[in-house]
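One-letter residues, chain by chain:
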Amino acid sequence: MRAFAYSRPASLDEALALLGASARPLAGGTDLLTLMKADLLAPERLVAIAPLLPSGIARDAEGVTIGAATTLADIERDPTLAQRFTALGQAAGVAATPQLRNMATLGGNLLQRPRCWYFRNRLAQCWLKGGTACHAREGENRQHALFGGSGCVAVHPSDLAPALLAFGASARVRGAHGERIVPLEEFFSLPTGERRSETRLRDGELVLQVSMPSYPEETRSLYLKEMDRRAFAFALASVAAVVRVSARQRIGHVRLVLGGVAPIPWRAHGAERVLLGEEADERLIEAAADAAAEGAVPLKGNAFKLPLLKALARRALRSLLL
Amino acid sequence: MSVPLESVTLRVNGAERAVRVEPRRTLLDALRLDLGLTGAKKACDMGNCGACTVLLDGRAVYACLLLAIDCAGREIATVEGLHDDPLQRAFIEADAFQCGFCTPGQIMSLKALFSRTPAPSDEEIVRAVSGNLCRCGAYRNIVRAARIAAGRR
């Protein structure tokens, strides 16, 4: 790791004034330090923000707000989340390892960079790092994207992001010029030629907290993740599902978000349309699982993810609806 | 780029140890190179293996992904702080290692579990060491050692 200066500002405003292209914020460090060790980032200064950011989980009539410095372990163990936002607690519990969950923060989890082996290799000047070609498109792409791969076919590595999106979460972000609320559905955005990043967070902005609206008590949710091994791996595919069945047995609310299959968490709008307003049965769930895979563009090495994805969607919906 | 050294006091296994380090010094390198505590191992140095597991304020963490200066004033526990610990005795009894390189990390992960849950279930044991790879494949005996330490034979 290259040398850098280290600042411990006394306030968020002081921290924001320090941040810029050559000064990066440090919280849990579990992604930032790997990027620096791989020489993908070489900031001149790290700014310690963990003690300054909101931390902890607060529930009120509006919903739940989670501070950006809250660790994944705290999210995993929180009884309110386990009960009312089950998919989020489950997602935190199957992310990474106990050690990483003790260190990693919610903010950093949303902002972590892809694990694509070309992106992570300093010698590969891939499209996402400002180059002209995505090496994975024609190269080794077993772990890569089925959806949204126009410029880059890396997948978003977060487990929490699909669950938060499924709960309609928003991020409160703050920069030198003030704060704004960004729905996570807009926060995550496919990288473009001008913005080679998976989020719309601007340089010098920090995520302060993430909020989810409250849901009626009968709302149920689930997060399912498939990996190459039972633990300590990123998702090959995952599904976050949130549903509510109305009194007349009709599906009154549904959100299905896929992880590990697109450069950003991927909402399965087609599957949601199949389900909404209908009465659940095996046939409907089968049709929804098929719809979740619609529009997929498999690459040479990752077509196996399609049946995997459908099976996860089917299993999640059966568990929640039948 | 030249950066001045920072004075940091690390509290390791109950004793205060002063070091002068660059900000980029990881906790793992500070333990191994500045303090001569080589129990925590440097294997992947990327958070992918668990050989560097130590406890920070009682929680298992990867020392390779922490900066030493961020650990000032916090309680750090390494395998060197254990003396004839029931977990160590159980590892010997169950032959829970071959090369032994991952063992300090495995034991510290279990130490974090046992400090909260003195008689953990098999599921809790497997979960607690799920962030520690063993390239020799001694997993079955690692779980058996933890079971012995939990009072089940």
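Since the model is a prediction, treat every value here as computed from it, not as a measurement.

Colleague: Sorry, what's going on with the pairing of strand 8 (residues 206–213) of chain A here?
Modeller: Residues in a regular strand project their side chains so that they alternate between the two faces of the sheet. Residue and element names in this part refer to chain A. With six of its eight residues buried, strand 8 lies for the most part within the structure. As defined by bridge partners, strand 5 (residues 63–67) adjoins strand 8 across five bridges and the pair is classed as antiparallel. In the sheet register, Val-64 faces strand 8, and the bridge partner there is Met-212. Sheet topology places strand 6 (residues 170–175) next to strand 8; five bridges connect them, and they run antiparallel. Counterpart to Ala-171 in the pairing with strand 8 is Val-210.

Colleague: Can you walk me through the nonpolar core in this structure?
Modeller: Across soluble globular proteins, nonpolar side chains have a tendency to be buried as a group. A:Leu46, B:Leu10, B:Leu27, B:Leu31, B:Leu67 and B:Ile76 are the most contacted members of the largest nonpolar core, which totals 55 residues. Taken together, the elements giving at least two residues each to this core come down to helix 2 (32–37), strand 3 (45–48) and helix 6 (98–103) of chain A together with strand 1 (6–12), strand 2 (15–21), helix 1 (27–34), strand 3 (53–56) and strand 4 (59–62) of chain B. If sequence neighbours within four positions are ignored, B:Leu31 has contacts with B:Val12, B:Gly36, B:Leu37, B:Val54, B:Ile76 and B:Thr78. A:Ala23, A:Ala91, A:Val173 and A:Tyr223 belong to the second-largest nonpolar core, a separate cluster that totals 51 residues.

Colleague: It is not clear to me how the layout of surface pockets should be interpreted in this structure. Could you clarify?
Modeller: A water-sized probe, rolled over the atoms, reveals where empty space remains. Taken as a whole, the second largest pocket spans an internal volume of roughly 1,200 Å³. For the second largest pocket, the lining is made up of 38 residues, of which A:Ala231, B:Val126, B:Arg127, B:Ala128 and B:Ser130 are closest to its centre. For the lining of the second largest pocket, the secondary structure elements donating two or more residues are helix 3 (72–77), helix 5 (86–94), helix 6 and strand 9 (220–226) of chain A together with strand 4, helix 3 (103–116), helix 4 (122–128) and helix 5 (139–149) of chain B. A per-element tally of the lining of the second largest pocket places helix 4 of chain B first, with five residues.

Colleague: Is there a simple way to explain helix 5 of chain A in this structure?
Modeller: For the α-helix, the turn length of 3.6 residues means that residues three or four positions removed from each other point alike. Those residues of helix 5 of chain A lying buried are A:Ala87, A:Leu88, A:Gly89, A:Ala91, A:Ala92 and A:Gly93. Just past helix 5 of chain A, the residue A:Ala96 takes up positive phi, approximately 50°.

Colleague: Would you take a moment to explain the side chain of A:Thr30 for this structure?
Modeller: Within the element layout of this structure, A:Thr30 appears in the loop between strand 2 (23–26) and helix 2. Excluding its chain neighbours within four sequence positions, the residues that come into contact with A:Thr30 are A:Leu100, A:Met103, A:Ala104 and B:Leu65.

Colleague: I'm lost on the packing of aromatic side chains in this one. Help?
Modeller: The description of an aromatic ring pair rests on the distance of the ring centres and on the angle between the ring planes. Residues and elements named next belong to chain A. Here the structure, examined in full by the defined rule, presents six aromatic pairs over all chains. Seen from their ring centres, Phe-85 and Phe-167 are 5.0 Å apart, and the 70° between their planes marks the pair as edge-to-face. Here Phe-85 is found in the loop between helix 4 (79–84) and helix 5, whereas its partner Phe-167 is found in the loop between helix 9 (160–166) and strand 6, with 82 residues between them in sequence. Owing to a relative accessible area of 3%, Phe-85 belongs among the buried residues under this scheme. One aromatic cluster is present, built from ring pairs that chain together Phe-85, Phe-167 and Tyr-215. The side chain of Lys-129 reaches across the aromatic face of Phe-119, ending 5.6 Å from its centre.

Colleague: Got a minute to help me understand the interface of chain B and chain A in this structure?
Modeller: It is common to give the size of an interface as the accessible area lost on bringing the parts into contact. Listed by partner, the interface residues are 31 residues for chain B and 33 residues for chain A. Taken over both partners, the interface formed by chain B and chain A buries close to 2,500 Å², and the fraction arising from carbon and sulfur atoms is 59%. In terms of surface lost to chain A, no three residues of chain B exceed B:Arg24, B:Arg59 and B:Leu65, which account for 24% of the buried area on that side. At the boundary of chain B with chain A, the tally comes to three salt bridges. Ionic pairing is found between B:Arg59 and A:Asp74, a salt bridge with its closest N-O pair at 3.3 Å. Of all the elements in the fold, those that place two or more residues in the side of chain B that touches chain A are strand 4, helix 3 and helix 4 of chain B.

Colleague: Would you explain empty space enclosed by the protein in this entry?
Modeller: Scanning the entire structure with this criterion turns up three cavities of 30 Å³ or more. Space inside the largest cavity adds up to approximately 70 Å³. For the largest cavity, the full set of lining residues is A:Cys116, A:Tyr118, A:Phe119, A:Cys126, A:Trp127, A:Leu128, A:Cys134, A:His135, A:Ala136, A:Gly151, A:Cys152 and A:Ala154. For the lining of the largest cavity, the per-class residue count stands at 10 nonpolar, two polar and no charged. Lining the second largest cavity we find B:Lys41, B:Lys42, B:Ala43, B:Cys44, B:Asp45, B:Gly47, B:Asn48, B:Cys49, B:Gly50, B:Cys52, B:Tyr62 and B:Cys64. In the lining of the second largest cavity, the residues fall into six nonpolar, three polar and three charged.

Colleague: Can you walk me through the domain arrangement of chain B in this structure?
Modeller: Residue and element names in this part refer to chain B. For chain B, the domain assignment lists domain 1 (6–80) and domain 2 (82–149). Look at where the C-alpha atoms of domain 1 and domain 2 centre, and you get two points 20 Å apart. At the interface, 17 residues of domain 1 touch 13 residues of domain 2. For the domain 1 and domain 2 pair, buried surface summed over both sides reaches about 1,200 Å², with 61% attributable to carbon and sulfur atoms. For the domain 1 face of the interface with domain 2, the top three residues by lost area are Lys-41, Thr-53 and Val-79, together amounting to 38%. Linking domain 1 with domain 2 are six residue pairs in polar contact (both at pLDDT 80 or more), by the criterion used here. Elements that contribute at least two residues to the side of domain 1 that touches domain 2 include exactly strand 3 and strand 4. Taken together, the residues that form the side of domain 1 that touches domain 2 break down as eight nonpolar, six polar and three charged.

Conventions and cut-offs
- Residues numbered from 1 in each chain as written.
- Chains lettered and ligands numbered in written order.
- Predicted model: local features only at pLDDT ≥ 70, side-chain atom pairs only at ≥ 80, totals over all residues.
- Heavy atoms only, no water.
- Buried < 20%, exposed > 50% of the residue type's maximum accessible area, 1.4 Å probe, protein only.
- Helix = DSSP H or I, 4+ residues; strand = E, 2+ residues; numbered from the N terminus.
- Pairing = 2+ DSSP bridges.
- Core = buried A, V, L, I, M, F, W, Y, C linked by side-chain atoms within 4.5 Å.
- Contact = heavy atoms within 4.5 Å.
- 1 Å grid on protein atoms, 1.4 Å probe; cavity = no way out; pocket = protein on both sides within 12 Å on 5 of 7 lines; lining within 4 Å.
- Points joined across faces, edges and corners; volume = space filled by probe spheres on them.
- Phe/Tyr/Trp six-rings, centres within 6.5 Å; stacked < 30°, edge-to-face > 60°.
- Lys NZ or Arg CZ within 6 Å of the ring centre and 35° of its normal.
- Buried area = accessible area lost by both parts, 1.4 Å probe.
- Salt bridge = Lys/Arg side-chain N within 4 Å of Asp/Glu carboxyl O.
- Nonpolar A, V, L, I, M, F, W, Y, C, P; charged D, E, K, R; others polar.
- Domains from an automatic or database assignment.
- Polar contact = N/O pair within 3.5 Å; in protein donor to acceptor, adjacent residues only side chain to side chain.

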